[in-house]
Amino acid sequence: MEAFRPRLLEAAGQLSVDLPREQQDKLLQYLELFARWNAAYNLSAIRDPAQMLERHIIDSLSVVNLCGHDSDSLIDVGSGGGLPGIPLAIVHPARPVTLLDSNGKKARFLFQVASQLPLANVQVINERVEEFSPGAKFDGVVSRAFASLADMILGSEHLLAPGGKFYAMKGRLPQDELSALPKGIKVEQVRPLSVPGCGAERHLIVLSRPAGDDPA
């Protein structure tokens, strides 16, 4: 995977993401593990490691500086192969990141990544989002193409601390989903993302529920 280092550094520079050597090494190790486990565990329909770098890792790097402060606790709901949670955890090693997925095979892969790299700031939970009851709620809930905005909020709002935010990574701007948000949810920001090497539309949608607003 060493051949991909120049492309990784070029994209990180375009995204204003600081990548010390240790973080570069871990992202490339993650890419290697992802490619190796993908055939058996069906982590992604993409089979080419070069495309995995572009469409998964670099895509995830596009939001690492946009999901709150780098010390805020974050839960990646429907993490799958660890996107965007693992790149977020690698770039900000002081940030507590929880990876939640109900699929046992994908959770085993996430455990392997967290232990092999290793990532001391990562916790892996193999549960359905509706059934997970954390000891402490999270500053942010992030999701990458996991569900509609309404489903994301209804399924994971119990995980969010007061004043916390939802960060939804989307492709084209989902106007119909924005129109169908649950009562009381505020659209904080709709941010177009310029992802190096990706010609398709990408957006980060930041949502919150004002303090004191009753979810019911």
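Everything discussed here concerns the structure shown above.
Keep in mind the model is a prediction, meaning the values are calculated, not measured.

Quick notes on the nonpolar core
Here is step 1: The biggest cluster of nonpolar side chains holds 48 residues, and the ones touching the most others in it are L8, Y30, I57, L61, I86, F109 and V113.
Here is step 2: The greatest single-element share of this core, amounting to 7 residues, is contributed by helix α2 (residues 21-41).
Here is step 3: Core analysis: the next-biggest nonpolar cluster, separate from the first, contains 20 residues, F132, V141, F166 and L181 among them.

Regarding the sheet that holds strand β3 (residues 122-125)
Here is step 1: Spatial ordering of the open sheet is given by β3-β2-β1-β4-β5-β7-β6, a layout of 7 strands whose pairing is mixed. Unpaired on one side and paired on the other, β3 and β6 (186-192) mark the two borders of the sheet. Recorded for the sheet is a direction-independent mean angle of 20° between the axes of neighbouring strands.
Here is step 2: As judged from the 6 bridges shared by β6 and strand β7 (residues 203-208), these two strands associate in the antiparallel manner. For P192, the partnering residue across the bridge sits in β7 and is H203.
Here is step 3: Against the sheet, helix α6 (residues 149-156) makes contact with β1 (74-77), β4 (138-144), β5 (160-170) and β7, and its axis sits at roughly 150° relative to β5, the strand it touches most.

Here's the deal with helix α3 (residues 49-61)
Here is step 1: Buried within α3 are the following residues: M52, L53, H56, I57, I58, D59, S60 and L61.
Here is step 2: Looking at the packing, one finds that the buried side of α3 touches α1 (5-14), α2, α4 (85-91), β4 and β5.

What to know about unusual backbone geometry
Here is step 1: The step from L83 to P84 runs through a cis peptide bond, and the omega angle for that step is 5°.
Here is step 2: By the element assignment, P84 lies in the loop between β1 and α4.
Here is step 3: The backbone phi angle of N42 is positive, close to 50°, even though this residue is not glycine.

Some thoughts on the pattern of salt bridges
Here is step 1: On inspection of all chains with the given rule, the structure shows 14 salt bridges.
Here is step 2: Across the pair R144 and D59 runs a salt bridge whose closest N-O atoms are separated by 3.0 Å. Of this pair, R144 sits in strand β4 while D59 sits in helix α3, placing them 85 residues apart in sequence. One exposure class covers both R144 and D59, and it is buried.
Here is step 3: Taken together, the shared-partner salt bridges in this structure form one network comprising E2, R5, R21 and D25.

Conventions we followed
Residues numbered from 1 in each chain as written. Predicted model: local features only at pLDDT ≥ 70, side-chain atom pairs only at ≥ 80, totals over all residues. Heavy atoms only, no water. Core = buried A, V, L, I, M, F, W, Y, C linked by side-chain atoms within 4.5 Å. Buried < 20%, exposed > 50% of the residue type's maximum accessible area, 1.4 Å probe, protein only. Helix = DSSP H or I, 4+ residues; strand = E, 2+ residues; numbered from the N terminus. Pairing = 2+ DSSP bridges. Axes fitted to C-alpha atoms, helices over the stretch in contact; angles between N-to-C directions. Contact = heavy atoms within 4.5 Å. Salt bridge = Lys/Arg side-chain N within 4 Å of Asp/Glu carboxyl O.

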